[in-house]
Structures are given as C-alpha cells and as structure tokens.
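Below, each chain spelled out in residue letters.
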Amino acid sequence: MNKNKFMESYIENLQRITLKNFKDTSDKDRYFALCDTIMELINQEWRNCKNRTRKSRKAYYFSAEFLVGRSLGNNLINLGIYDEVKEILKEIDIDFESIENFEDDAALGNGGLGRLAACFMDSAATQKLDMYGYGVRYREGLFKQKIENGFQVEEGDHWIKDGDGWSIRVESDSKIVKFRDQTVKAVPYDMPMLGFENEQVNTLRLWQAEPFEEFDFSYFNNFQYDKAVEEKNRAEDITRVLYPNDIQREGKVLRLKQQYFFCSASIQDMVAKYKQYFQNDLQFEEFSKYHVIQLNDTHPIIAIPELIRVLVDENSIDFEKAVEITKNTFAFTNHTVLQEALETWPKDIMLEVCPRCFEIIEQLNENVVKEFKKKGLSEEAIDPYRIIRFDQIRMANLAIVMSKSVNGVAKLHTQILKDDTFNNWYKLMPEKFNNKTNGITPRRWLVYSNIRLSNFITEKLGTGDWKYDLTKLKGLEKFLDDEKTLEEINQIKYENKKDLAKYILENEGISIDPNSIFDIQIKRIHEYKRQHLNLIHIINLYHELKNNPDMDFYPTTFILGGKAAPGYFRAKAIIKLANEIARVVNNDPYVNDKIKVVFVNNYRVSYGEKLFPAADISEQISTAGKEASGTGNMKFMLNGALTLGTYDGANIEIFENAGVENNYLFGAKVEELNEIYNSYNPKEFYHTNEDIKDAVDALLSGELKDNDSYMFLDIYNSLINPQGGEKADNYFVLKDFEDYKKTHEKINKEYADRLTWARKSLKNIANAGYFSSDRTILEYAKDIWKL
Ligand code: NBG
C-alpha cells in the first residue's frame, strides 16, 4: 500500500462525502470515509475474484445468521495494513480507537451458530476456497440489552441507521420472491470477505426485502395513503428483525417467510448465473458438479424443495431428475440435540407461505415411504423417517434424505447424533454421517483482539507463519520450562486484565482488581448452559467467606454476560439473579476485597474481543451431552485461559489436545446421566449437602431480592420441585454442584503458584491450533464439498 496515496484518498473521501473541511468532520464522518477508502482499495481484487470464479465449483453456505460483528479492524488486519493505517491516522491527528468504536456490531446472529458462519467466511477466504455466503440483511440485528434494576430490557438495534460502510447494493441482481399472498423484491447487499494477507475476496450476499412496486398509485391517487404504504411495510417486514431465539424455535408465519425469502432468492441467483455461464447445459446435467450447498442447521432447509421447484416449474426438468440433482447438491449440518430446536412446520403455515414447496415435500415424502416399503419396512417402522407426520413437516428428516452429507460439530455431538437423535437414519445410511469439529478464526480472536499475545507469539516463534497455520503454535512448547517466557505470559495476561478492568469500570461502573482471578462465563443464557450453577456456587462461596473471613482464598472476580431470549422467563430470571448477587456481594465491605461479581451489559462480539484476552478461567459448564460444541471455549483457550468444564461438546477435544491436567474437568458424564435419568431426585442432594441447601435456600430467604417478580421462586422450583410434567433439575445442577465446588477450590489454590499456572496457560495456547476454523473449513472442503 502506498501510504501517501492512501492518506490523500482518505482525506478526499472524507471531504467529498461530508462537504466539510477536514477539521470540522466528526468521528462518524471519519469512520465512513475510512470504510470508503478501504472498499476502494479492495475493489479491484474483489472484482477479479468474482470474475475468476464464475465457472469454478463453489460452496454455498446458506445461513439465517452471520454474526459478523465489527469489520473495520478485522479488514485492516486481513489486508495487512492495520498498523500503517493507525499511523497514517495519527499523523493527521485522528485517534483510531474512537472511530473504531463508532462502528456498530453487525449483530446478524444470536450466538455460536451465527458466529461460526462468520468465522467460516474468514477461513474460507484465507484458505483460498471459493465459498459464497447467502443470508438475510436484517434491518434490526439482535436486540440491545439494557439492565434496569437488574432486569434485562430489550432495545432495538437498528445497526445501519447511519449507513453501511461495508456493503454494496447490487440492484441488478435483484430477484422476485413469491409467497402465496404476496410478491416481494429481494435486493442483494454484498459484503467483501477478505482472506488474510492474500488476494482472495469472497462474497457474503445478504438479501433485503423490498416492495415489488414502490407504491400502489391507484391507492395513492384515491387519497388512501395508508393503504399505499401498507404493501411497502408488509414487504419490508420480512427482513425487519432477526428472531432473538437461540436454540428455541419460533413457529411463526413470518419466520418461515424469512427462511423461504432468502432461500428462494439465493437458489434463483445460483440458477440464473448457471444459465448465464453454462449456456450449453440447459438440462442442468452438471449443476451439482459446480454447486454444493451447505445448510447451516434447519433454518435454510426450505431451499431443498425450492431448488426442485425452480428446476421443474421454471426450467422444465423432470421431477425425478430434479430430485437427483438436488440430492447431489445439498449437505446438512446439525447444531444441537435439543428437541426444541429441531424445526417442524405445521402444514397450514407452509401452505400459507409457499404452497408449491409443500406439494413438492409431499411428493418427496411419498418417495421415502415407497422406497422404505420396498426395503421391507412396515408402516410403523417407517414412521420415524416420514418427512410429514400428523400434518407436521419435519425439516431435519427432509434434510437428511435429500443431502449427501450430515454432520455434527464436535466428536461427542456427532456420536450422539448417530446413537440417539438421528439413530434411525444412521442405521440405514451410516456413510452420510460425519463429524466436523467447529473452529474459530485466529485472525479476529487473537491477531486483532489480543495484540500483545499475538506479537509475543510471533517474537517467540521468530515468524508470523502461525497466523496461516495455527498448528505452528505447537512450537511454543519449547518454552514450557523457560521461566522468563512464563513470566511474560503472566505479564501479558495482567495487562489485558487491566484493560478490561478499565473498560468494565467505564461501562458497568464496577471497579475490579486485575490481580484477582478473572473467572468468566459469557454466552447466551440457557438452562442447559447452567449459568445458575455458577451463580449458586457464588452464593455459597459468599456465605462461606462471610462466616469464615480468615479462610485462605485467592481474590476472584466472577464475570458473566449474555442475552436471554425475550420470551424465556427463566433465562431472564438468571440474569436478574446474577445482577442481584452482584449488588449484594459488591456492596458488602466484609468480602469486597475477596470476591466481586460483574454481569457485563449487552455482551456481543465486540465485547467478547475484550473479555477473551483477559480471562484466567473459562467457564464451560453445560450439562454433559447438551452443548453441541461451543466455540467460546476455543476463544478462551487460544487466549491462554484454563477451561473449567464438563465432559461436553468440544471441551472434550480441548482436554485431549491441551491435556486434562492443564485444565479443570468436573461433573457427570453423559453415560452416567443417561443411567440415572429416571431415578434422579435433586431433593436428595438438597437435603444431604449443606452447601447446596445453603445456596438454594438463599433464593427465597429475602437476602436476594427479585422485586416481586417471582423469578427466584421460579429458579428455586426448577431445581427442586417438579412442575407441570417437567422434571425437577432437568439439567443436573445439584448433581454436579459438589464436584464443581471442589474444582473451584482446587483452582483457587493452584492459581497462587503463578509459574505453574502460566505453564498450563502456555500449554493451552500451544495446543489451540486444532481449533482454527481454517482446519474445520479445509475438512468441509475436502470431505464434503470436494473443492
Ligand atoms: C449452537 C450450539 C453450539 C455450537 C454452535 C455452532 C445452535 C442451534 N447451536 O454448541 O449450541 O457451538 O451451534 O455449531 O445455535
């Protein structure tokens, strides 16, 4: 990059877009001008990539969520000009951090599933894989979380209200999407996805819904202005909001409309391009040779009948042949074993949204039934395989029959899919099933967000090659017994903790001590993730410290963060509980120098970038068998935190790679939980374990106040009183409590030996290479996509 040229065009852009003199421009102006300048810089390579890949085999990642976060810093890192641009800005007296903070997170996802899609985009480009992302351009990203009086309050997140510096509207590629009762225009916005220091620029294409005709002038001329605007609103409604549910599904017409909307537009886009570039294959003989579609969970499965529809109805392909093409095109990833997330759609809703797709699904269902009868299965034996049953369309079944590959996202998860969730299918078609353990991009989650550690690693290894091949971190193991290195590791962590403490003071108004242990649990709030296990442990510890002030104890700061789905009462109760514990503990002068509790407000990607580098302990305490993989666990590990975790999801692989002795494993395993499932009685634990009783009783003793919301009673009941068909303590919180507490005590003792701790930390960093999403994406490319 030519520095002078960059500075010149930056200032020129700034003045052009604002019509102001340089010194009068605001941070917002400066931010958007910088986006423009960077977009100009990559324009040529982006076009080259688009042109070069017209006729190449590509993977298409279909996802209802892409949790991109902020783009400025990451793009500069990937372009390799982060430091230079910072310097240039400094020369003209612009503070990079303040314009960086101007950028709103593109929160187009709920949690891990959406963030995984974003990490995959980064890794695919970095590995020079031609992967195209297709999704939805929500006007409102995930809600903003405010905490009022300890309660979560949701606020709108109109993330593009000031503009969108990172997208290009490609009007000419617009598509028409037809619903039973409505026809809308799908307009693509393309975001460049930059590879790390290479020439690859892939595209993330997000569709926005707009009215097919801007205004109905007949209404307008009749002075019925409301009616004229109505259609416009009805169209725009489709991409107005991201459904704020993580794991749970929403059985709403609008939700299915959203799914069909982006899938239909994307399929039409692919077919139109194919016809344009492969004019001599109007029979689509080779369509699946050039396309593979990876379905990110159940949300985009409607793309399957849509491809058949477009081939059959619009291109006169035989139905059976269209089915064959489709089967060779799709692959499906499952992201959870929780039943509440496996989508099913009632027939009437599907008829209301996309009747033709329903017809096609009916036919596919008949095919399945016929085929299985031929195999000699009885009507009853066929039931689990039916795509439609009791007028419910079972999307996962549809995806499994129609895909050439079905994968889980961590070893244990895939095993559970085979043994349990999809066991019926696995027995018939074992060859389809495979595992792809998740990963994270080291560019965002280390190079960008933890500059100190990143520079240190490069210095130690003598090269920055590890940024392209994260397994090279293994080279750090030669410093395991080098005291100076270990001290440096501790020093870096300390500096990061100081930064976080400052940020937390500014944002949460709580002062925390960077010399204390930073114990962090950040993720969506859900019972299976067991934030309440963490919280009742804190209550018990607090009581213990009060009763025994001279107890040997290493000061600890417990940090929690995460959003609750707005309709999930118990998750919101957990947030209130966290804030209430924080209020009581932080205001108690008798324990104050020993424990602090912080619930960070509005946890999101950009907050995570500050939290992961500063953690000593990574809390990964889900009930064994329930967390499909987790990816936050990997971000912590890569940044040198030790995992306090159950034998669940990718934790297991973290223990395998870094050594269980360098982490803290606790809790019951899946097999044990399966065994005791029917006989489990949490009351036994409550009555026989004083610590449990002490902590659980505190929920109702009046010491903690839920402002008459009955939230703490709800948590209490969920733990020990079976209600309304639901078993008590479904997630085995009380069962695992004692082991959790003991493990915390062990951590507290061992932390004091700072060098031994640093050695464990280094062990984790050195073995985090496996968890790069570069590795994951290369596995998809090799095993499933054959790219
Ligand atoms: C989530 C799982 C996580 C996993 C991510 C990414 C859904 C449906 N699933 O454990 O809960 O890490 O997917 O695979 O959001």
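Rules and cut-offs
Position numbers for residues start from 1 in each chain and track the written sequence from start to end. The model is predicted, so local features are restricted to residues of pLDDT at least 70 and side-chain atom pairs to those at 80 or more, both for listing and for counting; the totals for chains, interfaces and linings are taken over all residues. Excluded from the side-chain calculation are hydrogens and water; included are all heavy atoms of the structure. UniProt positions are given in the numbering used here, feature names are shortened, and annotations may be inferred rather than shown by experiment. Segments assigned H or I by DSSP are reported as helices when at least four residues long, segments assigned E as strands when at least two residues long, and all are numbered from the N terminus. Working definition: with a 1.4 Å probe on protein chains only, accessible area under 20% of the residue-type maximum means buried, over 50% means exposed, and in between means partly exposed. We call two residues in contact when some of their heavy atoms are within 4.5 Å. For the accessible areas, the method is Shrake-Rupley and the probe is 1.4 Å, while residue cover comes only from the protein chains on display. For the charge count, each Lys or Arg is scored as positive and each Asp or Glu as negative, with His and the chain ends excluded. The atoms used to mark charge sites are NZ of Lys, CZ of Arg, CG of Asp and CD of Glu. One requirement defines pairing of two strands: DSSP has to find at least two bridges between them. Source of the domain bounds: an automatic or database domain assignment. Buried area is a sum: the accessible area each of two parts loses on coming together, probed at 1.4 Å, counted once for each and added. We count a salt bridge whenever a side-chain nitrogen from Lys or Arg sits within 4 Å of a carboxyl oxygen from Asp or Glu. Note on method: axes are straight lines fitted to C-alpha atoms, helices fitted across the in-contact stretch only, with angles between N-to-C directions ranging 0 to 180 degrees. Here, proximity means that at least one heavy atom of the residue falls within 4 Å of the molecule or strand. Any N or O atom pair separated by 3.5 Å or less is treated as a polar contact, with the protein-specific requirement of one donor-capable and one acceptor-capable atom, and with residues adjacent in sequence counted only for side-chain atom pairs. Residues are grouped as follows: Ala, Val, Leu, Ile, Met, Phe, Trp, Tyr, Cys and Pro are nonpolar; Asp, Glu, Lys and Arg are charged; every other residue, Gly included, is polar. Roughly parallel here means an angle under 35 degrees, roughly antiparallel means over 145, roughly perpendicular means 65 to 115, and every remaining angle is called oblique. In a left-handed crossing the near helix is turned counterclockwise from the far helix by less than a right angle, and in a right-handed crossing that turn is clockwise. Across the chain, each position has a pLDDT score giving the predictor's confidence in that residue, from 0 to 100. How far a helix is expected to stretch is found by multiplying one less than its residue total by 1.5 Å. Aromatic pairing here means that ring centres of Phe, Tyr or Trp (its six-membered ring) are within 6.5 Å. Orientation follows from the plane angle: under 30 degrees is stacked, over 60 is edge-to-face, and everything else is tilted. Criterion for a charge above a ring: Arg CZ or Lys NZ at most 6 Å from the ring centre, at most 35 degrees from the ring normal.

Under an unreviewed UniProt entry, the name given to the chain is Alpha-1,4 glucan phosphorylase, and the organism recorded is Anaerococcus hydrogenalis ACS-025-V-Sch4. Regarding the chain, the UniProt comment filed under Cofactor (unreviewed entry) reads as follows: "pyridoxal 5'-phosphate". On record in UniProt, under Catalytic activity (unreviewed entry), the comment for the chain is "[(1->4)-alpha-D-glucosyl](n) + phosphate = [(1->4)-alpha-D-glucosyl](n-1) + alpha-D-glucose 1-phosphate".

S.K.: Looking at this structure, I do not really get the overall build of the chain. What am I missing?
M.R.: Per the secondary structure count, the chain includes 33 helices and 23 strands. With respect to the three principal axes, the spread of C-alpha positions in the chain is 80 × 75 × 60 Å. In the chain, buried positions account for 62% of the 787 residues. Of all intrachain contacts in the chain linking residues separated by at least 6 positions in sequence, the fraction that spans at least 24 positions is 76%. If you sum the accessible surface of the chain, you get close to 30200 Å²; carbon and sulfur atoms cover 47% of it. On the chain, the mean spot of the 105 positive side-chain charges and the mean spot of the 125 negative ones are 3 Å from each other.

S.K.: How should the sheet that holds strand β15 (residues 392–394) be read in this particular structure?
M.R.: Backbone-to-backbone hydrogen bonds pair the strands of a sheet. The strands run either parallel or antiparallel. Spatially, β13-β15-β14 is the arrangement adopted by the 3 strands of the open sheet, whose pairing is antiparallel. Where the open sheet ends on each side, the last strands, each with one partner, are β13 (344–346) and β14 (388–389). Where β13 and β15 come together, 3 bridges link them in antiparallel fashion. Each bridged residue has a counterpart across the sheet, and for threonine 344 the counterpart in β15 is arginine 394.

S.K.: Looking at this model, I keep getting lost on the domain arrangement of the chain. Mind explaining?
M.R.: Accessible area lost during the coming together of the parts is what is often quoted as the interface size. For the chain, the domain assignment lists domain 1 (1–53 + 72–103), domain 2 (56–69 + 105–343 + 396–438) and domain 3 (491–771). Placing the centre of domain 2 and that of domain 3 at their C-alpha centroids yields a distance of 34 Å. Domain 2 puts 36 residues into the contact, and the matching count from domain 3 is 44 residues. Interface area lost by domain 2 to domain 3 is led by Gln145, Phe151 and Leu412, which between them contribute 19%.

S.K.: What's the story with the pattern of salt bridges in this structure? I'm lost.
M.R.: Side-chain pairs of opposite charge can arise whenever the charged atoms involved come near each other. The full count for this structure, using the stated rule, is 69 salt bridges. Note that glutamate 231 is salt-bridged to arginine 234, the shortest N-O span being 3.3 Å. On the criterion of helical spacing, the pair formed by glutamate 231 and arginine 234 is a turn pair, its members being 3 residues apart in helix α8 (residues 225–237). Exposure remark for arginine 234: the relative accessible area of 28% places this residue in the partly exposed category.

S.K.: Sorry if this is basic, but what is going on with the sheet that holds strand β19 (residues 556–561) here?
M.R.: Spatially, the 6 strands line up as an open sheet ordered β20-β19-β18-β21-β22-β23, and their pairing is parallel. Only two strands of the sheet have a single partner each, and these edge strands are β20 (595–600) and β23 (664–665). Where strand β22 (residues 642–645) meets β23, 2 bridges bridge the pair, whose relative direction is parallel. Among the inter-strand pairings, glycine 645 is bridged to a residue of β23, identified as leucine 665. Each of β18 (517–522), β19 and β20 touches helix α21 (residues 483–508); the most contacted strand, β20, lies at about 65° to it.

S.K.: Explain the site of the ligand here, please?
M.R.: Near the ligand there are 14 residues, and of these His335, Asn438, Glu627, Ser629 and Gly630 occur at the shortest range. Here an oxygen atom of the ligand sits 2.6 Å away from a polar atom, N or O, in the side chain of glutamate 627. Within the backbone of serine 629, one N or O atom sits 3.0 Å away from an oxygen atom of the ligand. Coverage of the ligand by the protein chains reaches 94% of its 380 Å² of free accessible surface. Looking at the shell around the ligand, its residues break down into 6 nonpolar, 6 polar and 2 charged. Counting the residues that make up the shell around the ligand, at least three belong to each of domain 2 (56–69 + 105–343 + 396–438) and domain 3 (491–771).

S.K.: Quick question: what am I supposed to make of the packing of helix α20 (residues 451–461) against α21 here?
M.R.: How two helices pack is summed up by the angle between their axes together with the distance between the axes. Contact geometry for α20 and α21: axes closest at 10 Å, N-to-C directions at 160°. Taken together, the axes of α20 and α21 lie roughly antiparallel to each other. Pair α20 / α21 crosses with right-handed handedness. Mapping the contact onto sequence places Arg452, Leu453, Phe456 and Lys460 in α20 and Lys484, Thr485, Glu488, Ile489, Ile492, Glu495, Asn496 and Asp499 in α21. A class-by-class count of the residues in the contact of α20 with α21 yields 4 nonpolar, 2 polar and 6 charged.

S.K.: It is not clear to me how the UniProt feature "modified residue: N6-(pyridoxal phosphate)lysine" (unreviewed entry) in the chain should be interpreted in this structure. Could you clarify?
M.R.: With numbering matched to this structure, UniProt assigns "modified residue: N6-(pyridoxal phosphate)lysine" (unreviewed entry) to Lys635. Here lysine 635 is to be found in helix α25 (residues 632–638). When residues no more than four places from it in sequence are discounted, the contact partners of lysine 635 are Arg115, Ile440, Trp445 and Phe612.

S.K.: For this particular structure, what's the right way to read unusual backbone geometry?
M.R.: Not every positive phi belongs to a glycine, and aspartate 93 is a case in point at roughly 65°. Here aspartate 93 lies in the loop between α4 (82–91) and α5 (96–100). Judged by its relative accessible area of 71%, aspartate 93 is exposed. Backbone geometry at aspartate 708 places phi at a positive 60°, although glycine is not the residue there. The topology assignment puts aspartate 708 in the loop between α29 (690–697) and α30 (711–720).

S.K.: Explanation requested: the confidence of the model for the chain in the structure shown.
M.R.: Detailed reading of the predicted coordinates is not advisable wherever pLDDT is low. On average, residues of the chain carry a pLDDT of 97, and 99% of them reach 70 or more. For this predicted complex, the interface confidence comes out at an ipTM of 0.99, alongside a pTM of 0.98.

S.K.: Please explain helix α3 (residues 72–79) as it appears in this structure.
M.R.: The α-helix winds at 3.6 residues per turn, so residues separated by three or four positions along the chain end up facing the same way. For α3, the buried fraction is high: 7 of the 8 residues fall into the buried class. Among the residues of α3, those classed as buried are Leu72, Gly73, Asn74, Asn75, Leu76, Ile77 and Asn78.

S.K.: Is there a simple way to explain helix α22 (residues 531–547) in this structure?
M.R.: Between its terminal C-alpha atoms α22 stretches 25 Å, which fits the 24 Å expected from 17 residues at 1.5 Å a residue. Taken across its 17 residues, α22 has 14 buried, putting it largely inside the fold.

S.K.: Explain the packing of aromatic side chains to me, please; I cannot follow it from the model alone.
M.R.: The relation between two aromatic rings is expressed through the spacing of the ring centres and the mutual angle of the planes. In the structure shown here, the tally under the stated rule is 37 aromatic pairs. A ring pair is formed by phenylalanine 278 and tyrosine 290, whose centres lie 4.3 Å apart and whose planes are at 45°; its orientation type is tilted. Of the two residues, phenylalanine 278 is situated in the loop between α9 (253–277) and α10 (287–290) and tyrosine 290 in helix α10; the sequence distance between them amounts to 12 residues. By relative accessible area, which is 9% here, phenylalanine 278 ends up buried. Since its relative accessible area comes to 16%, tyrosine 290 is described here as buried. Arranged with centres 4.9 Å apart and planes meeting at 90°, the rings of tyrosine 385 and tryptophan 425 form a pair that is edge-to-face. Here the residue tyrosine 385 occupies a position in the loop between α15 (379–382) and β14, and tryptophan 425 occupies one in helix α18 (residues 423–428), the gap between them amounting to 40 residues. The pair formed by tyrosine 385 and tryptophan 425 is uniform in burial state, with each residue classed as buried. Members of the aromatic cluster, joined through ring pairs, are Tyr60, Phe62, Tyr132, Tyr134, Trp207 and Phe262. Note that lysine 497 overlies the ring of phenylalanine 518, its terminal NZ or CZ placed 4.9 Å from the centroid. The ring of tyrosine 647 has lysine 669 sitting right over it, with the charged end atom 4.5 Å from the ring centre.

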